Amino acid sequence: MSDLKVTAAPGTSTIQITRTFATTPDRLFHANVNDEWQKKWLGPDKYETEIAINEVRDGGRWRWTQRDDDGNTHGFRGVYHGEPSVENGITRTFEYEGVPGHVSLETLRFVDLGDGTTRMEATSAFASVEDRDGMVQSGMEGGMEEGFVRLDKLLADS
């Protein structure tokens, strides 16, 4: 059973996300930056993910698209900040191309729990409470968990 926790405290413009995975911090980091792994697990089940750009370095750009069975495409993009690593985590901007100009700053950290599991701790900081609420209302939590379930399987099978 998943322990996904998504917190959007009233009056703040951030979302806090935590979830535990049965893997090491190195493997969880790899799953979050490797093109082949990302396209297998990112997003809701109903979408196919394509990684168009993924320059995992300070100042590097990233962009992925998700396509549904009807051919509708949703694009996401951003820029990495700092040097992504297991120790530093990942800091990047995140923008849904369908609502341009509403950019969040996302940080991911990988905490070794010492028992063969790793907790991913993520924070998304938005420019406003309204932007944050829009993300929460988009169904992000359900899509995120569907992807994390696929990631659990990918980690177990590899």
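I will try to describe carefully the structure that is included in this document. Nothing here was measured: the structure is a model prediction, and the numbers come from that model.

### Some thoughts on the pattern of salt bridges
In step 1: The tally for this structure, following the rule as stated, stands at twelve salt bridges.
In step 2: Measuring nitrogen to oxygen at the nearest pair gives 2.6 Å for the salt bridge that ties Glu106 to Arg92. Of this pair, Glu106 sits in strand 7 (residues 103-112) while Arg92 is found in strand 6 (residues 89-96), placing the two residues 14 residues apart along the sequence. Both residues of the pair, Glu106 and Arg92, belong to the buried class.
In step 3: Salt bridges here are not isolated pairs; linked through shared partners, they connect Arg19, Glu145 and Asp152.

### Focus on helix 4 (residues 140-157)
In step 1: In a regular helix each residue adds 1.5 Å, so 18 residues correspond to 26 Å; helix 4 covers 26 Å between its end C-alpha atoms and thus fits that length.
In step 2: Within helix 4 the residues assigned to the buried category are Met140, Gly143, Met144, Glu145, Gly147, Phe148, Leu151, Leu154 and Leu155.
In step 3: If you follow the buried residues of helix 4, they end up packed against strand 2 (14-21), helix 1 (25-33), helix 2 (35-41), strand 8 (118-125) and helix 3 (129-137).

### Re the pairing of strand 7
In step 1: Here strand 6 pairs with strand 7 via six bridges, running antiparallel. Of the residues in strand 7, the one forming a bridge with Arg92 is Glu106.
In step 2: Strand direction decides the pairing type here: strand 7 and strand 8, joined by eight bridges, are antiparallel. The residue of strand 8 that forms the bridge with Phe110 is Met120.
In step 3: Between the end of strand 7 and the start of strand 8, which pair antiparallel, lie five residues, with Gly114 showing a positive phi angle near 80°.

### Let's talk about the side chain of Ser104
In step 1: Inspection of the secondary structure assignment puts Ser104 in strand 7.
In step 2: Leave out the neighbours within four places in its chain, and Ser104 touches Arg92, Thr93, Phe94, Ala125 and Phe126.

Conventions used here
In every chain, residue numbers begin from 1 and rise along the written sequence. In view of the model being predicted, local features appear only for residues whose pLDDT reaches at least 70, and side-chain atom pairs are presented and counted only at 80 or more, with totals across whole chains, interfaces and linings using the full set of residues. For the side-chain quantities, the full set of heavy atoms in the structure was used; hydrogens and water were omitted. Any Lys or Arg side-chain nitrogen located within 4 Å of an Asp or Glu carboxyl oxygen qualifies as a salt bridge. A helix here means a DSSP run of H or I that spans at least four residues, while a strand means a run of E at least two residues long, and both kinds are numbered starting from the N terminus. Exposed residues in this analysis have more than 50% of their type's maximum accessible area, buried residues have under 20%, and partly exposed residues fall in between, with area computed by a 1.4 Å probe over protein chains only. Every helix has an expected span of 1.5 Å times one less than the residues it contains. Residues are treated as being in contact if the distance between any of their heavy atoms lies within 4.5 Å. One requirement defines pairing of two strands: DSSP has to find at least two bridges between them.

The values reported here are purely geometric and, on their own, carry no functional implication.
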